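As a plain string of letters, each chain reads:
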Amino acid sequence: MNVLTALVDAEPTSYWLADPGRPEAGGALAGRVGCDLAVVGGGYTGLWTALRAKERNPSLDVVVLEADRVGGAASGRNGGFCAASLTHGLGNGLERWPDEMPQLERLGRQNLRDIGDTLARYGVDAEWERTGEMHIATEEWQFEELREEAEHAAELGWRPTLLGPDEVRAEVDSPTYVGALWDREGVAMVHPAKLAWGLAEACRALGVRIFENTRVTSLQGESDGRLRLGGAYGVVSARHVALGTGVFPPLLKRLKHFLVPVYDYALVTEPLTPEQRKAIGWAHRQGLGDSANQFHYYRLTADDRILWGGYDAVYHYGNGLRSELERRPATFATLAEHFFTTFPQLEGVRFTNAWGGVVDTCSRFCAFYGTAYDGRLAYAVGYTGLGVGATRFGADVMLDQLGIGEDEGRETERTRLRMVRSKPVPFPPEPLRYGVIELTRHEIARADRNAGRRGLWLRTLDRFGLGFDS
Ligand SMILES: Cc1cc2nc3c(=O)[nH]c(=O)nc-3n(C[C@H](O)[C@H](O)[C@H](O)COP(=O)(O)OP(=O)(O)OC[C@H]3O[C@@H](n4cnc5c(N)ncnc54)[C@H](O)[C@@H]3O)c2cc1C
């Protein structure tokens, strides 16, 4: 069977968002509403911010404004790898904030534990599995890099296991594997959309008002010190505002230089039969990711489908952001071909879903934070493909910065971090932006073909702490 036959019946929608348990849409904002905290964006960042605000101070009046549906953007379309890392991985963190890494890893570890505890506390069934993640090497040079990563990880208190070719194939059987690094502690698997819906339900139970189908189109300071947010049918007047708007055109103009929308794509198979499961092993159900610069991530769902995503990271000229870009047959075919190369035993399996989502990419690969309007507005954006876990930390940073519910005021351990205080290097304007990103993509692919050796262009970007990733 060729890859097109495997793809031909795939629905072009997120497997997660198509879940029959998807809740009904909440009502839109109409009329004039006052509140203490208005959160813009109903993805993980916004929902965690609303939930944490109520947990810190139950008497606060909190409102969430979502342009579309709760979890309808990246938060309902991702791979569901919920990582402890707040820095898009150890390597990136060590490059940028080596002195802070022990602290950042400790905070990240605590953040991951707190996410699991929160789900248990509110009875959220988001298919949470503490399986860890196995980083796969498909070439010798990648295995050498994993060996180095294992050393760094051990120095920072993790206990990952390095697996040779026979050991890794005993875990998950692919003829392409030459080794792996299994991090059992730092990553959980989750159903992304159920996580968003569950957080929204927990928010509502605490009294948060969530307005869906409500795009905020204007933001202005009022003479009485409050902030005014305008939508199509209503306005909100708030004492504080938190922006969790991801990569969408920002309400705060200064953010637009720091973010580019990068499309990332995923496929989901039909449920595997017991024989197919047996043919690949994977008894521990860990998340898997390969270790090239252009990497795949893959995992099992609760009913034993395989989600297979990544590899292509596509930027469209002029920060292109349109729903038709979520369908990219050429990328779906590439992904399917790579899937069958990895698991030839699964010949004949079909894909039921193929979709894309947008990653809020910044040049340092992990979220950045800041305030405006004399500290009455805070933002946390730029998670660059690793935000399932880190968004909860971002929510706490914003609440710290706004001074919400913290006895100690706005200075906290989090807000004192250099990682939190510093900003990424901005992207250049078009047409340079497109040219730089395309050249970088091309050079990344070349490095992968060349045993990981980075050419002059990538080395120059590395020197200036700049990059492009999904
Ligand atoms: C295909 C894919 C796979 C991924 N896989 C992983 C993974 O396995 N692990 C991981 O950690 N991360 C992954 N990510 C990244 C992760 O999904 C994001 O980092 C995370 O969801 C970001 O959450 P967010 O709330 O900041 O942004 P979003 O989920 O994008 O939410 C922002 C929300 O703000 C709303 N909004 C924007 N502007 C306005 C406005 N003006 N008014 C009202 N509402 C507005 C939008 O409608 C949107 O719902 C992946 C992303 C994609 C696309």
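Look up a bit, the structure's there.
Let us look at the structure shown here. (Residues numbered from 1 in each chain as written. Predicted model: local features only at pLDDT ≥ 70, side-chain atom pairs only at ≥ 80, totals over all residues. Heavy atoms only, no water.)

Mapped onto the elements of the fold, Gln276 is located in helix H8 (residues 274-280). For Gln276, the side chain forms a polar contact with the main-chain nitrogen of Thr273, separated by 2.8 Å. Setting aside residues no more than four positions away along its own chain, Gln276 makes contact with Pro271, Leu346 and Val349. (Helix = DSSP H or I, 4+ residues; strand = E, 2+ residues; numbered from the N terminus. Polar contact = N/O pair within 3.5 Å; in protein donor to acceptor, adjacent residues only side chain to side chain. Contact = heavy atoms within 4.5 Å.)

A word on the pairing of strand E12 (residues 260-269). Summarising burial for E12: 10 of the 10 residues are buried, a large majority. Burial of the side chains of E12 extends over both faces: Val260, Val262, Asp264, Ala266 and Val268 are buried on one face and Pro261, Tyr263, Tyr265, Leu267 and Thr269 on the other. As paired strands, E12 and strand E16 (residues 351-361) are joined by 10 bridges and run antiparallel to one another. When the bridges of E16 are listed, Leu267 appears paired with Ala354. Pairing of E12 with strand E15 (residues 306-310), which is carried by 3 bridges, proceeds in the antiparallel orientation. Pairing of Val268 across the sheet is with Leu307, part of E15. (Buried < 20%, exposed > 50% of the residue type's maximum accessible area, 1.4 Å probe, protein only. Pairing = 2+ DSSP bridges.)

It is worth spelling out a negative patch on the surface at this point. On the surface, Glu145, Glu148, Glu151 and Glu155 cluster together into a patch of negative charge. If you trace the backbone, Glu155 turns up in helix H5 (residues 140-155). (Patch = residues over 30% accessible without salt bridge, like charges linked within 9 Å, V, L, I, M, F, W, Y side chains within 5 Å. Areas by Shrake-Rupley, 256 points an atom, 1.4 Å probe, with all protein chains shown as cover. Salt bridge = Lys/Arg side-chain N within 4 Å of Asp/Glu carboxyl O. Lys, Arg positive; Asp, Glu negative; His and termini not counted. Charge placed at Lys NZ, Arg CZ, Asp CG, Glu CD.)

As a further point, take the packing of helix H12 (residues 432-449) against helix H13 (residues 456-463). Following both chains from N to C, one finds H12 and H13 inclined at 115°, their axes separated by 9 Å at the closest point. Comparing their axes, H13 and H12 come out roughly perpendicular. For the pair H12 and H13, the crossing hand works out as left-handed. Note on element contacts: H13 touches H12 through Trp457, Leu458 and Leu461, opposite Val436, Leu439, Thr440, Glu443, Ile444 and Ala447. Here the residues of the contact of H12 with H13 are counted per class, giving 7 nonpolar, 1 polar and 1 charged. (Axes fitted to C-alpha atoms, helices over the stretch in contact; angles between N-to-C directions. Parallel < 35°, antiparallel > 145°, perpendicular 65-115°, else oblique. Left-handed = near helix turned anticlockwise from the far one by under 90°. Nonpolar A, V, L, I, M, F, W, Y, C, P; charged D, E, K, R; others polar.)

Close to the ligand lie 35 residues, the nearest being Thr45, Glu66, Ser75, Phe81 and Val388. Here Glu66 contributes a side-chain N or O atom positioned 2.6 Å from an oxygen atom of the ligand. Within the backbone of Gly385, a nitrogen or oxygen atom sits 3.1 Å from a nitrogen atom of the ligand. The fraction of the free accessible surface of the ligand (1,000 Å²) that becomes covered by protein chains is 97%. Put simply, the parts of the chain that give the shell around the ligand at least two residues each are helix H2 (44-56) and E16. No other element matches the 3 residues that E16 contributes to the shell around the ligand. (Near = heavy atom within 4 Å.)

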